[in-house]
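# Fold and contact review
Residues per chain are reported as follows:
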Amino acid sequence: MTSVPFPTQLDVSLHPRKPAVLRVASVGDALSWAAWHRDALRALVMEHGAILLRGLELCDAAQAGAVFQQLTTGLMAETEAFAPRKTYSDRVYSSSTWPPFQPMCLHHELSYTLRFPGLMLFACLSAPAVGGATVLADATAVLDALPTELVERFEQEGWLLTRHYNDEIGAPYREAFGTDDRGAVERYCRANAIDFAWQNDGGLSTRQRRSAVVRHPVTGRRCWFNQIAFLSEWAIDPEVRDYLVHVYGADGLPFNTRFGNGDPVGEDVVHLLNEVYAAHTVREPWQAGDLMLVDNVRTAHGREAFEGPREVIVALADTVHSADCATTIEAAVR
């Protein structure tokens, strides 16, 4: 009889208000275990939208990055970043810089780009003392819970992201686009349906219109897929927002979202979106060594406020093109 290096049965725990959790024990070599179970783990992500693995005991960024590589068809480089990240190794990053005291609204990574990750990978190297969970919500359930009129408007118009890159706050354009060559930035913007304008102070302003609702490229499920609430001015701490408006003006904020026709998205709309997200949120506190795989189209993710040191590393993988998602809005800017 031929022996197998690891058990083939993977038993997932399902509990209300928690993500699917897979506990493994005494795997020894996490890299080999991940490679052996790759297809099974990918199937679990497809079934549940996300899976939290506990027991792999990932201890450093190099080990976690190697496991990421084993589980994917290829890691993506982040483009159009909105906040600085630390780079651990090629295409393995820290989580986005965001104030610890402020929750990070649920969203879908890079949903404002034309090529975005189909899979997100997270590894916790150090869990905070309080809070800091990576929270999740099913995008189809969120879509179904939103008011019909609001969904129809976003389906018809899409959503508009405005950005003002500078060297004082957020990721400067050199970091977001990976180059300080203005010609290369302009070529990228033209190729990706981004309207742009250079400012007198050397900064860059951009506008891009995207779909708010897409169909999953594999299952065809309709998903609420965007960053309307997260990249809104109303997601910024009120005191910080007031300061930024004072310094840059209401139309010069580092980022903001609008309806696709350019109308403002009011604070009431952002509050409603966050209420619906909250009603569908599942969470499980991080433990050091945990690994989480998230279907980026089906499942929104965010982050709780936290206290104490927190080190969660991230990778983006399995590139999806917006054209594969039956988007309702042509990739164009008005």
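If you're wondering where the values come from, they're calculated on a predicted model, not measured in any experiment.

### A closer look at the overall build of the protein
From N to C terminus, the protein includes nine helices and 21 strands. Against the globule reference of 20 Å for 334 residues, the protein gives a C-alpha radius of gyration of 20 Å, in line with a compact fold. Along the longest, intermediate and shortest principal axes, the C-alpha atoms of the protein span 70 × 40 × 40 Å. The burial tally for the protein puts 51% of its 334 residues in the buried class. When contacts within the protein are restricted to residue pairs at least 6 apart in sequence, long-range pairs at least 24 apart make up 80% of them. Total accessible area on the protein is roughly 14700 Å²; 50% of this is exposed by carbon and sulfur atoms.

### Some thoughts on the sheet that holds strand β19 (residues 299-303)
The antiparallel open sheet is built from four strands, whose spatial order is β7-β19-β10-β17. Strands with a single pairing partner mark the edges of an open sheet, and in this sheet they are β7 (104-107) and β17 (281-282). Pairing geometry for β7 and β19, over two bridges, is antiparallel. For Met104, the partnering residue across the bridge sits in β19 and is Arg303.

### Examining helix α3 (residues 61-71)
Residues Ala61, Ala64, Gly65, Val67, Phe68 and Leu71 constitute the buried set of α3. For α3, the angular spread of buried residues about the axis comes to 160 degrees, placing them on one side. Where α3 begins, the side chain of Asp60 points an oxygen toward the backbone nitrogen of Ala62, at a separation of 3.3 Å.

### Let's talk about the pattern of salt bridges
A pair can form between side chains of opposite charge whenever their charged atoms are brought close. A full pass over the atoms with the stated rule returns 19 salt bridges. Of the charged contacts in the structure, one is a salt bridge between Arg298 and Asp138, with a shortest N-O distance of 3.3 Å. Residue Arg298 is located in the loop between β18 (291-295) and β19, and its partner Asp138 is located in strand β10 (residues 134-138); the two are separated by 160 residues in the primary sequence. Residue Arg153 is joined to Glu157 by a salt bridge in which the shortest nitrogen-to-oxygen separation is 3.1 Å. Taken as a pair, Arg153 and Glu157 lie in helix α5 (residues 148-157) at a separation of four residues, close to a single helical turn. Taking relative accessible area as the criterion, Arg153 reaches 26% and is therefore assigned partly exposed.

### Let's talk about the side chain of Thr72
Mapped onto the secondary structure, Thr72 falls in the loop between α3 and β4 (75-76). Thr72 sits in the buried class, given a relative accessible area of 9%. At 3.4 Å, the side chain of Thr72 and the backbone oxygen of Phe68 are in polar contact. Aside from chain neighbours lying at most four places away, what touches Thr72 is Arg38, Arg42, Leu119, Leu121, Ala317 and Asp318.

### Quick look at the packing of aromatic side chains
Given two aromatic rings, their pairing is described by the distance between the two centres and the angle made by the two planes. Applying the stated criterion to the full structure yields 10 aromatic pairs. Geometrically, the ring pair formed by Phe154 and Phe259 is stacked, given 4.8 Å between the ring centres and 25 degrees between the ring planes. In this pair, Phe154 is assigned in helix α5 and Phe259 in strand β16 (residues 255-259), connecting sequence segments 105 residues apart. Take Phe154 and Phe259: they sit in the same class, and that class is buried. Ring pairing ties together the aromatic residues Phe82, Trp98, Phe230 and Phe255, which thus form one cluster. Over the aromatic face of Trp198 sits the side chain of Arg182, whose NZ or CZ is 4.2 Å from the ring centroid. Taking NZ or CZ as reference, Arg310 lies 5.6 Å from the ring centre of Phe306, over its face.

### Some details on the sheet that holds β16
Strand order in the open sheet formed by four strands is β12-β13-β11-β16, and the pairing between neighbours is antiparallel. The open sheet is flanked by β12 (195-198) and β16, the only strands paired with a single partner. The sheet shows a mean angle of 15 degrees between the axes of neighbouring strands, direction not considered. Examined bridge by bridge, strand β11 (residues 159-165) and β16 share five bridges and lie antiparallel to one another. Looking at the pairing, Thr162 lines up with Asn256 of β16. Taken strand by strand, α5 contacts β11, β13 (204-210) and β16, and its axis lies near 105 degrees from that of β16. The sheet contacts of helix α7 (residues 182-191) involve β12 and β13, and relative to β12 the element is tilted by about 155 degrees.

### So, the pairing of β12
In this sheet, β13 lies alongside β12 in antiparallel orientation, the contact comprising four bridges. Across the sheet, residue Trp198 finds its bridge partner in β13, namely Leu204. As consecutive antiparallel partners, β12 and β13 are separated by five residues, and within that stretch Gly202 has a phi angle of approximately 95 degrees, a positive value.

### A few points about the nonpolar core
Judged by nonpolar contacts, the single largest core of 61 residues is most densely connected at Phe122, Phe154, Trp224, Ile228, Leu273 and Tyr277. Counting residues per element, this core draws most heavily on helix α9 (residues 267-279), at five residues. The residues touching Tyr277, leaving out its near neighbours within four places in the chain, are Cys105, Leu106, Ala137, Val142, Trp224, Asn226, Ala229 and Ala300. Among the nonpolar cores identified, the runner-up in size contains 31 residues, and Leu22, Ala61, Ala123 and Ala315 belong to it.

Criteria and thresholds
Residues numbered from 1 in each chain as written. Predicted model: local features only at pLDDT ≥ 70, side-chain atom pairs only at ≥ 80, totals over all residues. Heavy atoms only, no water. Helix = DSSP H or I, 4+ residues; strand = E, 2+ residues; numbered from the N terminus. Rg over C-alpha atoms; globule rule 2.2 N^0.38 Å. Buried < 20%, exposed > 50% of the residue type's maximum accessible area, 1.4 Å probe, protein only. Contact = heavy atoms within 4.5 Å. Areas by Shrake-Rupley, 256 points an atom, 1.4 Å probe, with all protein chains shown as cover. Pairing = 2+ DSSP bridges. Arc of directions from axis to C-beta. Polar contact = N/O pair within 3.5 Å; in protein donor to acceptor, adjacent residues only side chain to side chain. Salt bridge = Lys/Arg side-chain N within 4 Å of Asp/Glu carboxyl O. Phe/Tyr/Trp six-rings, centres within 6.5 Å; stacked < 30°, edge-to-face > 60°. Lys NZ or Arg CZ within 6 Å of the ring centre and 35° of its normal. Axes fitted to C-alpha atoms, helices over the stretch in contact; angles between N-to-C directions. Core = buried A, V, L, I, M, F, W, Y, C linked by side-chain atoms within 4.5 Å.

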